[in-house]
Amino acid sequence: MAALGESQIYRDLMRFKPDGLSPNAWALKAGVSRTVWTDMRRHGNPSRRTLEKLLAAAGSSLLEFEALRIGPEAARPGISADGRVADLRRGWNPAPLPPIPLVGSRLGGEWGQPGSAVELTELRPGELVDRLPRPTSLSSDPAAFAVTIVGGSMVPRFAPGTRVAVSPRAPVAVGDDVLARLPTGQASDGAQQVLVLRLVKRTATGFELRQFNPDRTICVDAADVEAVLKIVGELI
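Residues numbered from 1 in each chain as written. Predicted model: local features only at pLDDT ≥ 70, side-chain atom pairs only at ≥ 80, totals over all residues. Heavy atoms only, no water.

What follows is about helix α2 (residues 23-30). Side chains three or four residues apart in an α-helix point the same way, a direct result of the helix having 3.6 residues per turn. What α2 keeps buried is the set Trp-26, Ala-27 and Ala-30. For α2, the arc enclosing every buried residue in end-on projection is 100°, short of the 170-degree limit, so these residues lie on one face. Of the exposed residues in α2, those oriented more than 90 degrees away from the buried face are Asn-24, Leu-28 and Lys-29. Where α2 is buried, its residues meet α1 (8-13), α3 (34-43) and α4 (48-57). Positive backbone phi, approximately 80°, marks Gly-31, located one or two places after α2. (Buried < 20%, exposed > 50% of the residue type's maximum accessible area, 1.4 Å probe, protein only. Helix = DSSP H or I, 4+ residues; strand = E, 2+ residues; numbered from the N terminus. Arc of directions from axis to C-beta. Contact = heavy atoms within 4.5 Å.)

Before going further, it helps to examine the packing of α2 against α4. Following both chains from N to C, one finds α2 and α4 inclined at 105°, their axes separated by 8 Å at the closest point. Accordingly, the angle class assigned to the pair α2 and α4 is roughly perpendicular. Taken together, the residues of α4 that come into contact with α2 (itself represented by Trp-26, Ala-27, Lys-29 and Ala-30) are Lys-53, Leu-54 and Ala-57. Class assignment for the residues of the contact of α2 with α4 results in five nonpolar, no polar and two charged. (Axes fitted to C-alpha atoms, helices over the stretch in contact; angles between N-to-C directions. Parallel < 35°, antiparallel > 145°, perpendicular 65-115°, else oblique. Nonpolar A, V, L, I, M, F, W, Y, C, P; charged D, E, K, R; others polar.)

It is worth spelling out the environment of Ala-223 at this point. Note on placement: Ala-223 falls in the loop between β8 (215-221) and β9 (227-234). For the pair Ala-223 and Leu-182, spaced 41 residues apart in the sequence, the C-alpha separation amounts to 9.4 Å.

This paragraph deals with the side chain of Ser-116. With respect to the secondary-structure elements, Ser-116 resides in the loop between β1 (100-110) and β2 (119-132). Take Ser-116: its relative accessible area is 18%, and that puts it in the buried class. Within the structure, Ser-116 has its side chain in polar contact with the backbone oxygen of Trp-111 (distance 2.5 Å). Setting aside residues up to four positions removed in sequence, Ser-116 forms contacts with Glu-110, Trp-111 and Arg-216. (Polar contact = N/O pair within 3.5 Å; in protein donor to acceptor, adjacent residues only side chain to side chain.)

What follows covers the packing of aromatic side chains. Across all of its chains, the model carries two aromatic pairs by this definition. Taking 5.5 Å as the distance between ring centres and 65° as the angle between the ring planes, the aromatic pair formed by Tyr-10 and Trp-37 counts as edge-to-face. Taken together, the residues Tyr-10 in helix α1 and Trp-37 in helix α3 connect sequence positions 27 residues apart. Here Tyr-10 falls in the buried class, since its relative accessible area comes to 2%. When the centroid spacing of 6.0 Å and the interplanar angle of 70° are considered together, the rings of Trp-26 and Trp-37 count as edge-to-face. Taken together, the positions of Trp-26 in helix α2 and Trp-37 in helix α3 put the pair eleven residues apart, joining distant regions of the chain. An identical accessibility class is assigned to Trp-26 and Trp-37; each is buried. Of the aromatic side chains, those joined through ring pairs into one cluster are Tyr-10, Trp-26 and Trp-37. (Phe/Tyr/Trp six-rings, centres within 6.5 Å; stacked < 30°, edge-to-face > 60°.)

The next thing to look at is the pattern of salt bridges. Evaluation of the coordinates by the stated rule reveals 14 salt bridges. Between Arg-163 and Asp-130 there is a salt bridge; the shortest N-O distance is 4.0 Å. You can see Arg-163 sitting in strand β4 (residues 163-167) and its partner Asp-130 sitting in strand β2, a full 33 residues away along the chain. You can call Arg-163 partly exposed: its relative accessible area is 33%. In this structure Asp-130 comes out as partly exposed when scored by relative accessible area, which is 32%. Residue Asp-176 is joined to Lys-230 by a salt bridge in which the shortest nitrogen-to-oxygen separation is 3.8 Å. You can see Asp-176 sitting in the loop between β4 and β5 (177-181) and its partner Lys-230 sitting in strand β9, a full 54 residues away along the chain. The pair Asp-176 / Lys-230 is uniform in exposure class, with both members buried. If you follow the salt bridges from partner to partner, you end up with Asp-39, Arg-157, Asp-177, Arg-198 and Glu-234 in one network. (Salt bridge = Lys/Arg side-chain N within 4 Å of Asp/Glu carboxyl O.)

Now the structure itself:
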């Protein structure tokens, strides 16, 4: 029986776990960081590269994994692969989910005082770079959007070029990766300044946030943040 809080893709991956290895030992053998492994276990949405590394370490492949996920067990009559009702025997399929917009992003300098080394990112909500497949977990969040990580401040959690999904509706908890949106009007050309960080603590007056590279922990007053949105995971 699956444990509460485990994502579906994690449960599917467990069917490929090498004999004699614990899940954590498998991740270590594959070169997947503990943070990425834990996030995938809780939230799903691993990157394609993460899946390929895990499956290669198990002597399998992404093609075989995808075949399993749409095979007879997942596609049994009356239930779609993601659990929604559908009569698959007669060719009925769930309605396709609308794509998730990928908005433009670029480096925006440093947050706070010069020399802080805390990266700012500028988002351009009006600049639609692409439309990406929407994860099922975001089917009920029409405001969700995707962003490309453009800096190295969150390495090893997110490498530059990683595309992540952001959900304005998802509840934010300590330990989550977040996008802290700063008040409008601070960036040039209509862009929106944000911080991509890890939520360490909620304080009486604001938030304690951590950047990984270089390692910095900052305190941001609630009055200086327009919103703190949850990064729900990487997009394949």
